[in-house]
Amino acid sequence: MITSYALSASRNIFFKLFKQAYCKEAAPPKQSMLYDASLPFFNQRKQFSQQVTEIKSSDDGHSVTVLWDDGHKMKYPYIWLRDNCRCASCYDSPVATRKFLINDLDLDAKFKLSEQNAGELMFYGTEGHQTIIQSSWLRDKTFGTIDMGPVFDTKLWGADLLSYLPKFKYEDVLTDDEILYRWMQSVKIHGIALINDAPTHDDEELRNLTERIGHIRQTFYGVVFGVKSKKDTYFPGYTSAELPLHTDYTFGANTPGIINFHGLKRAPSGGKSMFVDGFKIANDLKASDPDAHRLLCTGVMSFGLVGFDCGRHFDNRGQSKIINLDKDGQVGKISFSQHARKDGIAKIPMEQVRSFYKAVQKFASVIYAPDNLLKFMIEEGDMVTVDNDRVLHGREKFQTDGSKERALHGAYFDHDEFESRLRILSKQFSKKHN
Ligand code: OGA
Ligand code: ZN
Ligand code: ZN
């Protein structure tokens, strides 16, 4: 752990020195190096690997095609290059923000791109704009796509996941950034990650874990919420009854993205946890029953929860499809809860309502198929983290004997914070960039 910190500190110093030395030398007045503070060393290093071999203007003078020595070819509209000028009057490099306003964009301005030195391209524009840009920066851009950071290949799983899912030690996740990164990677790849050996004092352990990412996402249930039997509760989770497989906060316009569970005391009997990969269920259904899949991707259901917690009354209401596809037609979010389901159904023609119910019933049944369902006990000191957009969770009923109550804590954080932390850690630890 000490080694990893030392390594990361020395790397940071190196980035700084590299940046200072390199920028000073190569940045004459009225020109600026393209240095994006959000891009680390690996981006700079790439410039030495692929060289530009040809820059060809289009006949209409509106775009340029750049060819690299490995055969990679990419076309860039001049207007986009102009918009991305990194000269000092257009761009504030140290903080990686724009100064240039789109209102000032001259749609008819002409530009020129030419090779300056190896790895550097000179960008000349009218209005006196002149910038050196790294060819590696351009190489990384594919006009028409938006870079959201590291991409992890999703691996769908079934009941055998536990035989290969990595487990992490609480102390390691808290103290070692590389282990933290691997644990977060597990959430991205499998939608679930496991931690052992967490102390079981109180709220503090989940707070400390969340601190490693960002901030806890507070809801009406509180900050760190205790899932324990409560009298006159608004929520079946707070009884000892079975809690059917569900995703949390189905009624939320901004659903908490990641759920962290922490086992403090297991019930004397019963209370095993259940998890299922909702993305696998959606994909399987698409292949085995396309009509059911289509209806689940179309029909909108209402969800809600009314209650009193942490000193406040609340009346949560919302609506969602059960299978929500992303812009590329891939499953992006599963939203399902038996207990929070309300009476509203929309986007389904009257004559298809029965078929819709049949599809919902099929979904509610296949999530329990033995091949799909992962069932295990969250032991004292275990933590389970799930992607609430992907993995459904639930628990079997349990019995208490009066002397020993079951105690499970939960805390949320949002996807935005998780993704932000992952981008930062990826710059240091992603193999892709080593
Ligand atoms: C919940 C929940 C799980 C459990 O409270 O939403 O899923 O094991 N609890 O009690
Ligand atoms: Zn400029
Ligand atoms: Zn839940």
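Our structure's up above, just so we're on the same page.
Residues numbered from 1 in each chain as written. Chains lettered and ligands numbered in written order. Predicted model: local features only at pLDDT ≥ 70, side-chain atom pairs only at ≥ 80, totals over all residues.

### Let's talk about the packing of helix 8 (residues 278–288) against helix 9 (residues 290–298)
Between helix 8 and helix 9, whose axes approach to 6 Å, the crossing angle comes to 130 degrees. In terms of orientation, helix 8 lies oblique with respect to helix 9. Each of Ala282, Leu285 and Lys286 in helix 8 lies in contact with helix 9, whose residues at this interface are Pro290, Ala292 and His293. Split by residue class, the contact of helix 8 with helix 9 holds 4 nonpolar, 1 polar and 1 charged. (Axes fitted to C-alpha atoms, helices over the stretch in contact; angles between N-to-C directions. Helix = DSSP H or I, 4+ residues; strand = E, 2+ residues; numbered from the N terminus. Parallel < 35°, antiparallel > 145°, perpendicular 65-115°, else oblique. Contact = placed C-beta atoms within 7 Å. Nonpolar A, V, L, I, M, F, W, Y, C, P; charged D, E, K, R; others polar.)

### Considering the site of ligand 1
Around ligand 1 sit Val227, Gly237, Leu243, Asp248, Ser273, His393, Arg395 and Leu408, and those are all the residues in its vicinity. Class assignment for the residues of the shell around ligand 1 results in 3 nonpolar, 3 polar and 2 charged. (Near = placed C-beta within 6 Å.)

### A word on helix 8
Every α-helical turn comprises 3.6 residues, leaving residues that sit three or four positions apart pointing alike. Among all positions in helix 8, only Gly278, Phe279, Lys280, Ile281, Ala282 and Leu285 are buried. Taken together, the buried residues of helix 8 touch strand 15 (273–277), helix 9, strand 18 (323–325), strand 19 (331–334), helix 10 (353–366) and strand 23 (391–395). (Buried ≥ 20, exposed ≤ 12 C-beta atoms within 10 Å, placed from the backbone.)

### Some thoughts on the packing of helix 6 (residues 177–190) against helix 11 (residues 415–429)
Contact pair helix 6 / helix 11: the axes reach a minimum separation of 10 Å and the direction vectors enclose 125 degrees. One way to sum up the angle between helix 6 and helix 11 is to call them oblique. Remark: the crossing between helix 6 and helix 11 carries left-handed chirality. Residue-level inspection shows Asp177, Glu178, Leu180, Tyr181 and Met184 of helix 6 in contact with helix 11, the latter providing Phe418, Arg421, Leu422, Leu425, Gln428 and Phe429. Among the residues forming the contact of helix 6 with helix 11, the class breakdown is 7 nonpolar, 1 polar and 3 charged. (Left-handed = near helix turned anticlockwise from the far one by under 90°.)

### Description of the sheet that holds strand 23
On the basis of which strands lie adjacent, the open sheet formed by 4 strands has the order 12-23-15-21 and antiparallel pairing. Each edge of the open sheet is held by one strand with a lone partner, namely strand 12 (243–246) and strand 21 (374–376). Direction aside, the axes of adjacent strands within the sheet are offset by 15 degrees on average. Across 5 bridges, the pairing between strand 15 and strand 23 is antiparallel. Of the residues in strand 23, the one forming a bridge with Phe275 is His393. Helix 8 contacts strand 15 and strand 23 of the sheet and is inclined by roughly 45 degrees relative to strand 15. (Pairing = 2+ DSSP bridges.)

### Considerations on the nonpolar core
Nonpolar side chains tend toward joint burial in soluble globular proteins. Ile322 and Phe363 are the most contacted members of the largest nonpolar core, which totals 61 residues. Considering every element that reaches this core, the biggest residue donor is helix 6, with 5 residues. Phe363 has contacts with Ile281, Leu296, Ile322 and Phe336, leaving out every residue within four places of it along the chain. Ranked by size, the runner-up nonpolar core spans 17 residues in total, among them Tyr78, Cys90, Leu113 and Leu138. (Core = buried A, V, L, I, M, F, W, Y, C linked by C-beta atoms within 7 Å.)

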